[in-house]
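Working through the structure, step by step
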Amino acid sequence: MYVRIRLFARLRELAGTSEMSRDVPDGATAHDAWNHLVREFPSLGDYSRNVACAVNEEYARPTSPLKDGDEIAFLPPVSGG
Amino acid sequence: MMARQSSFVVTSGALDVAAVTASGARATDGAVATFVGLVRDHNAGRRVLWLDYEAFAPLALKAFEQIAGEAADRWPGARLAIHHRTGRVAIGEASVAIAAASPHRADAFAVCRYAIERVKQIAPIWKHEHFVGGDVWIEGAIADPSDDAARRVALERACT
């Protein structure tokens, strides 16, 4: 199945893109999608312990199962204000 | 009559603090407390030139709504407006404006403080600091809206 991946701030810079579509196995979770991404962009691995994620514009747990067509956003630690 | 501005905004335009302040208040309110965050010219020993703010806007708006809901649960009758900038923000300009309206001033102050603490914890917004000699992404909290420990920290800061 295909999911749309969005990256923000330093994650976006490290990967060199803000948005991509990737084929992940059926039943993949947000965590699986992240690991898929780290294999492609190893420098993202530094963020494995402190990345947050959102699925379809809602905060989500890494264990959330994905569906075909989902949009998953990976968020580095935030610094608004 | 001025159009009523929406309570939660993420914008690349300059923040209108007066409009943020006016957006929340009703006849039953006795107080509006406001907080305006400014871009300052120094940080961690660096001479800051400007900040570029990036946001995941639709999720940021939901985070603002959640913060307002949490505040209304804790301080009945309180309402919030939260406006945040994106893009390049110059030294001295407002990056965030918060207005907390309540029947009573003590609650208005507490809600305003609570809101900025929660914005820093859970709003998907990032500062890219440009300083003399380089640039750096500022990274603070891991955003987790369901983290009760973080919420308690914000409550303690609001109530002391």
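Scroll up a little and you will see the structure.
Values in this document were obtained by computation on a predicted structure and should not be read as measured data.

Some remarks on the overall build of chain B
When its secondary structure is counted, chain B shows 4 helices and 9 strands. Secondary structure elements of chain B, listed N to C terminal, follow the sequence β-α-β-β-β-α-β-β-β-α-β-β-α. Here the C-alpha atoms of chain B give a radius of gyration of 16 Å, agreeing with the 15 Å that 2.2 N^0.38 yields for 160 residues. If one aligns the C-alpha atoms of chain B with their principal axes, the spans along those axes are about 50 × 40 × 30 Å. For chain B, the residues scored as buried account for 46% of the 160 residues in total. Contacts in chain B between residues at least 24 apart in sequence constitute 75% of all its contacts with a sequence separation of at least 6. Across chain B, the centroid of the 18 positively charged side chains sits 4 Å from that of the 18 negatively charged ones.

Comments concerning the interface of chain B and chain A
Much of the literature gives interface size as the accessible area that the parts lose upon coming together. Each side of the interface is counted separately: chain B has 31 residues, and chain A has 25 residues. Summed over both partners, the interface of chain B with chain A buries about 2300 Å², with 57% contributed by carbon and sulfur atoms. Scanning the region where chain B abuts chain A turns up 3 salt bridges. A salt bridge links Asp144(B) to Arg61(A), with the nearest nitrogen and oxygen atoms 3.5 Å apart. The tally of links from chain B across to chain A stands at 20 residue pairs in polar contact (both at pLDDT 80 or more). Every element with two or more residues in the side of chain B that touches chain A is listed here: strand S4 (46-55), helix H2 (57-74), strand S7 (94-102), helix H3 (105-122), strand S8 (125-131) and strand S9 (134-138) of chain B.

Observations concerning the sheet that holds strand S1 (residues 8-11) of chain B
Residues and elements named next belong to chain B. Strand order in the open sheet made by the 4 strands is S1-S5-S7-S2, with mixed pairing throughout. Either end of the sheet is taken by a strand with one partner, and the two such strands are S1 and strand S2 (31-38). Each strand of the sheet is rotated relative to its neighbour by a mean of 5 degrees, with strand direction disregarded. Docked against the sheet, helix H1 (residues 17-24) engages S2, strand S5 (79-85) and S7, running at close to 25 degrees with respect to S7. Its contacts with the sheet put H3 on S2, S5 and S7, and the angle it makes with S7 is roughly 145 degrees.

Digging into the sheet that holds strand S1 (residues 2-7) of chain A
All names here are of chain A. Across the sheet, 5 strands lie side by side as S2-S1-S5-S3-S4; this open sheet has mixed pairing. In this open sheet, the two edge strands, each paired with only one partner strand, are strand S2 (19-23) and strand S4 (58-60). The average angle at which neighbouring strand axes cross in this sheet is 35 degrees, direction not considered. Where strand S3 (residues 52-55) and S4 come together, 3 bridges link them in antiparallel fashion. Within S4, the position partnered with alanine 54 by the bridge is tyrosine 59.

Let's talk about the pairing of S9(B)
All names here are of chain B. Two elements, S8 and S9, share 5 bridges in a ladder whose sense is antiparallel. Pairing of lysine 127 across the sheet is with isoleucine 138, part of S9. Hairpin connection from S8 to S9: 2 residues lie between these consecutive antiparallel strands, with glycine 133 at a positive phi of about 105 degrees.

Topic: the pattern of salt bridges
All names here are of chain A. The tally for this structure, following the rule as stated, stands at 17 salt bridges over all chains. A salt bridge links arginine 4 to glutamate 71, with the nearest nitrogen and oxygen atoms 2.6 Å apart. Placement of arginine 4 in strand S1 and of glutamate 71 in strand S5 (residues 71-75) is noted, with a sequence separation of 67 residues between them. By relative accessible area, arginine 4 is classed as partly exposed at 34%. Looking at glutamate 71, the relative accessible area reads 7%, which means it is buried.

What counts and what doesn't
- Residues numbered from 1 in each chain as written.
- Chains lettered and ligands numbered in written order.
- Predicted model: local features only at pLDDT ≥ 70, side-chain atom pairs only at ≥ 80, totals over all residues.
- Heavy atoms only, no water.
- Helix = DSSP H or I, 4+ residues; strand = E, 2+ residues; numbered from the N terminus.
- Rg over C-alpha atoms; globule rule 2.2 N^0.38 Å.
- Buried < 20%, exposed > 50% of the residue type's maximum accessible area, 1.4 Å probe, protein only.
- Contact = heavy atoms within 4.5 Å.
- Lys, Arg positive; Asp, Glu negative; His and termini not counted.
- Charge placed at Lys NZ, Arg CZ, Asp CG, Glu CD.
- Buried area = accessible area lost by both parts, 1.4 Å probe.
- Salt bridge = Lys/Arg side-chain N within 4 Å of Asp/Glu carboxyl O.
- Polar contact = N/O pair within 3.5 Å; in protein donor to acceptor, adjacent residues only side chain to side chain.
- Pairing = 2+ DSSP bridges.
- Axes fitted to C-alpha atoms, helices over the stretch in contact; angles between N-to-C directions.

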